[in-house]
Amino acid sequence: AQSVTQPDIHITVSEGASLELRCNYSYGATPYLFWYVQSPGQGLQLLLKYFSGDTLVQGIKGFEAEFKRSQSSFNLRKPSVHWSDAAEYFCAVGPYSGGGADGLTFGKGTHLIIQP
Amino acid sequence: DAGVTQSPTHLIKTRGQQVTLRCSPKSGHDTVSWYQQALGQGPQFIFQYYEEEERQRGNFPDRFSGHQFPNYSSELNVNALLLGDSALYLCASSSLLNNEQFFGPGTRLTVL
């Protein structure tokens, strides 16, 4: 069965500093990988996704993620964080398309705190 | 484009009652998935509907059921509510050809 591990429950970063959020996955087929962000009391907003092609993908709000098949990882990065980036971040894995596919499997999330 | 909409925003029920949550998918999407997000946890997949049929189900009891209408909108029904059913219920829509799921704002269910 597929699984997603986000090893860091909380991360604190100073405003303007760089950020890396870790995500490791287990999936039997070619994965479709996602990063979502959730502000308090809100739904999930898609930051970026990866299925194939260039292993470095760019997303919204200045985020990027790198897919490393050998490490089963899909880490999220941002060169310089802003106070508005404080939120909960979820990594998810799922099948690309239908045909007997499951829904997405999410990690437990990483809570990002921005220090002034 | 209205995106994914859900109603109601909040709901309070008591144990043993039944509840119905509603979702309208993003324009152009034909597949609706439902997730339960308990406090402090990631979303957990409940089930997915396509062409008015449940095509995939997560590890949830039969108390959780759903429906999809010809206009692709969907309902989630939960019977015999338990305290543990208190959670944020998220609806996501996608196309069966491309599993990029767009989420609605969720319905916060509190069971007392």
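Residues numbered from 1 in each chain as written. Chains lettered and ligands numbered in written order. Predicted model: local features only at pLDDT ≥ 70, side-chain atom pairs only at ≥ 80, totals over all residues. Heavy atoms only, no water.

### Observations concerning the packing of aromatic side chains
In the structure shown here, the tally under the stated rule is 16 aromatic pairs over all chains. Plain terms: the ring middles of A:Y32 and A:F34 are 4.5 Å apart, the flat faces sit at 45° to each other, and that makes the pair tilted. This pair shows no difference in class: A:Y32 is buried, exactly as A:F34 is. Taking 5.7 Å as the distance between ring centres and 85° as the angle between the ring planes, the aromatic pair formed by A:F106 and B:Y35 counts as edge-to-face. Of the two residues, A:F106 sits in strand 11 (residues 105–106) while B:Y35 sits in strand 4 (residues 31–37), which places them in two different chains. Three or more aromatic residues joined by ring pairs form one cluster here, namely A:Y32, A:F34, A:Y36, A:F51, A:F90, A:F106, B:Y35, B:F45 and B:F103. Over the face of the ring belonging to B:F102 we find B:K26, whose NZ or CZ atom lies 5.2 Å from the ring centre. (Phe/Tyr/Trp six-rings, centres within 6.5 Å; stacked < 30°, edge-to-face > 60°. Buried < 20%, exposed > 50% of the residue type's maximum accessible area, 1.4 Å probe, protein only. Helix = DSSP H or I, 4+ residues; strand = E, 2+ residues; numbered from the N terminus. Lys NZ or Arg CZ within 6 Å of the ring centre and 35° of its normal.)

### Let's talk about the pairing of strand 5 (residues 32–38) of chain A
Residues and elements named next belong to chain A. Within strand 5, 7 of the 7 residues are buried, which leaves it mostly tucked inside the rest of the structure. Residues Y32, F34, Y36 and Q38 of strand 5 are buried on one face, and the alternating residues L33, W35 and V37, pointing to the opposite face, are buried as well. Direction of pairing for strand 5 relative to strand 10 (residues 87–94): antiparallel, over a ladder of 7 bridges. The partner of L33 across the bridge, within strand 10, is V93. Here 5 bridges tie strand 5 to strand 6 (residues 45–50), and the two strands are oriented antiparallel to one another. Opposite Y36, over in strand 6, you have L46 as the bridge partner. Count of turn residues in the strand 5/strand 6 antiparallel hairpin: 6 residues, of which G41 carries a positive phi of about 75°. (Pairing = 2+ DSSP bridges.)

### Comments concerning the state of the cysteines
Residues and elements named next belong to chain A. This structure, assessed with the given rule, holds 2 disulfides over all chains. Disulfide partner of C23: C91, at an S-S distance of 2.0 Å. Between C23 and C91 the sulfur-sulfur dihedral comes to about -65°; the bridge is accordingly left-handed. Remark: C91 occurs in strand 10 and C23 occurs in the loop between strand 3 (19–21) and strand 4 (24–26); sequence separation between them is 68 residues. For the pair C23 and C91, one class covers both residues: buried. (Disulfide = S-S within 2.5 Å.)

### Digging into the sheet that holds strand 7 (residues 64–68) of chain B
Residue and element names in this part refer to chain B. Taking strand neighbours across the sheet as the criterion, the 4 strands line up as 1-3-8-7 in an open arrangement whose pairing is antiparallel. For this open sheet the edge positions go to strand 1 (5–7) and strand 7, each flanked by a neighbour on one side alone. For this sheet, the mean inter-axis angle between neighbouring strands, taken without regard to orientation, is 20°. The pairing of strand 7 with strand 8 (residues 74–78) spans 5 bridges and is classified as antiparallel. Following the sheet pairing, G66 is matched in strand 8 by L76. (Axes fitted to C-alpha atoms, helices over the stretch in contact; angles between N-to-C directions.)

### So, the nonpolar core
Grouped together as the largest cluster of nonpolar side chains are 26 residues, with contacts concentrated most on A:L19, A:W35, A:L47, A:L48, A:F74, A:L76 and A:Y89. Listed by contribution, the elements that provide at least two residues to this core are strand 2 (10–14), strand 3, strand 5, strand 6, strand 8 (64–68), strand 9 (73–78), strand 10 and strand 12 (110–115) of chain A. No other element matches strand 10 of chain A, which puts 4 residues into this core. Apart from the residues lying within four places of it in its own chain, the contact partners of A:F74 are A:C23, A:L33, A:F34, A:W35, A:L48, A:K49, A:Y50, A:V57, A:A65, A:E66 and A:F67. By size, the runner-up hydrophobic cluster in this structure holds 20 residues, among which are B:W34, B:F60, B:L76 and B:L81. (Core = buried A, V, L, I, M, F, W, Y, C linked by side-chain atoms within 4.5 Å. Contact = heavy atoms within 4.5 Å.)

### Focus on the interface of chain B and chain A
At the junction of the two partners, chain B supplies 21 residues and chain A supplies 24 residues. Across the interface of chain B and chain A, roughly 1,700 Å² is buried in total on both sides, 48% from carbon and sulfur atoms. Of all residues in chain B, B:N99, B:E100 and B:F103 give up the largest surface area on contact with chain A, accounting jointly for 28% of the area buried on that side. For the pair chain B and chain A, the number of links is 1 salt bridge. Across the pair A:K49 and B:E100 runs a salt bridge, and its minimum N-O distance is 3.2 Å. Here chain B is connected to chain A by 4 residue pairs in polar contact (both at pLDDT 80 or more). At the level of secondary structure, the elements contributing two or more residues to the side of chain B that touches chain A comprise strand 4, strand 5 (44–50), strand 6 (53–57), strand 9 (87–95) and strand 10 (98–103) of chain B. Its residues placed into classes, the side of chain B that touches chain A shows 9 nonpolar, 10 polar and 2 charged. (Buried area = accessible area lost by both parts, 1.4 Å probe. Salt bridge = Lys/Arg side-chain N within 4 Å of Asp/Glu carboxyl O. Polar contact = N/O pair within 3.5 Å; in protein donor to acceptor, adjacent residues only side chain to side chain. Nonpolar A, V, L, I, M, F, W, Y, C, P; charged D, E, K, R; others polar.)

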